[in-house]
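Examination of the molecular architecture
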Amino acid sequence: MENELPPEDEERKRPGVEREYRNRQGEIVVYWEPKICNHTGNCFRGLPEVFQPQNRPWVLVDAANADNIAEVVMTCPTGALHFERFDGGPQEPEPEDTTIDARPNGPLHIRGRLHIVGPGGHQIREDTRVALCRCGASENKPFCDGSHRRIGFRTTNPPTISAK
C-alpha cells in the first residue's frame, strides 16, 4: 500500500475522497471516491496495468506515465476518479457545455459544470462528471450504483423525429 495516501487521520483534499494514489515521482495523484463508482470499467479497460480492481491497492500509478493516467481518468463517467497533476501537465478541464448521454439500459452520464441540489437547496455534489440513476433502484440516489444491471432495467428506443 505504499502508493496509497494519506494516512487515515490526515484531512482529505477533496470532500468524499476515500483513497488517494500518488506516483513515486510526485507527478500525479489519482483520487477515488468509491461511493459514487458504479464499476463502468472504463479505467481498467483503458489502462489495465494501472487500474486493477482485483488487487489492493487497485490503482498502481507507477505503472504508466501521468499523461496516460490522466487521459483514462477523464473517461470515468461517474466522477469517482479524478486526478491532480504536479508535473506541469494539464489539470482536468472544466467543460464549457453540459452534455447528457442517456445510456442504453443504464444511467444518465452527465458532463459539464454540475451543481446537484437536493430538497431545500442543499448542495449534494459539485463536479464535472456524474452518472445519475434512472432505473429507480439505486441505493445511492440520485447517483447510479449499478442497480440497473441487477434489476434488468431496459430502455426503449426514443421516437425518431423526421424533418419535413
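Residues numbered from 1 in each chain as written. Predicted model: local features only at pLDDT ≥ 70, side-chain atom pairs only at ≥ 80, totals over all residues. Heavy atoms only, no water.

Notes on the confidence of the model for the protein
- Of all residues in the protein, 86% attain a pLDDT of 70 or more, and the chain-wide mean is 89.
- Considering only residues more than four positions removed or in separate chains, one finds that residues 1-13, a stretch of pLDDT under 50, has 27 contacts. (pLDDT = per-residue confidence, 0-100. Contact = heavy atoms within 4.5 Å.)

Observations regarding unusual backbone geometry
- For the peptide bond that leads from Arg56 to Pro57, omega is -5°, which places it in the cis range.
- Structurally, Pro57 is set in the loop between helix H1 (42-46) and helix H2 (66-73).
- Omega for the bond connecting Lys141 with Pro142 falls within 30 degrees of zero, at 10°, which places this linkage in the cis form.
- Inspection of the secondary structure puts Pro142 in the loop between strand S7 (123-132) and helix H3 (147-151).
- If you check the backbone angles, His39 has positive phi at about 60° while not being a glycine.
- Following the sequence through the fold, His39 ends up in the loop between strand S3 (28-32) and H1.
- Exposure remark for His39: the relative accessible area of 57% places this residue in the exposed category.
- A positive phi angle, near 60°, is found at Asn105, a position not held by glycine.
- Note that Asn105 resides in the loop between strand S5 (99-102) and strand S6 (108-117). (Helix = DSSP H or I, 4+ residues; strand = E, 2+ residues; numbered from the N terminus. Buried < 20%, exposed > 50% of the residue type's maximum accessible area, 1.4 Å probe, protein only.)

Notes on the pattern of salt bridges
- Counted according to the given criterion, the structure contains eight salt bridges.
- Residues Arg85 and Asp87 are paired through a salt bridge, measuring 2.8 Å at the closest nitrogen-oxygen approach.
- We classify Asp87 as partly exposed; its relative accessible area is 35%.
- Residues participating in the shared-partner salt-bridge network are Glu33, Arg125 and Asp127. (Salt bridge = Lys/Arg side-chain N within 4 Å of Asp/Glu carboxyl O.)

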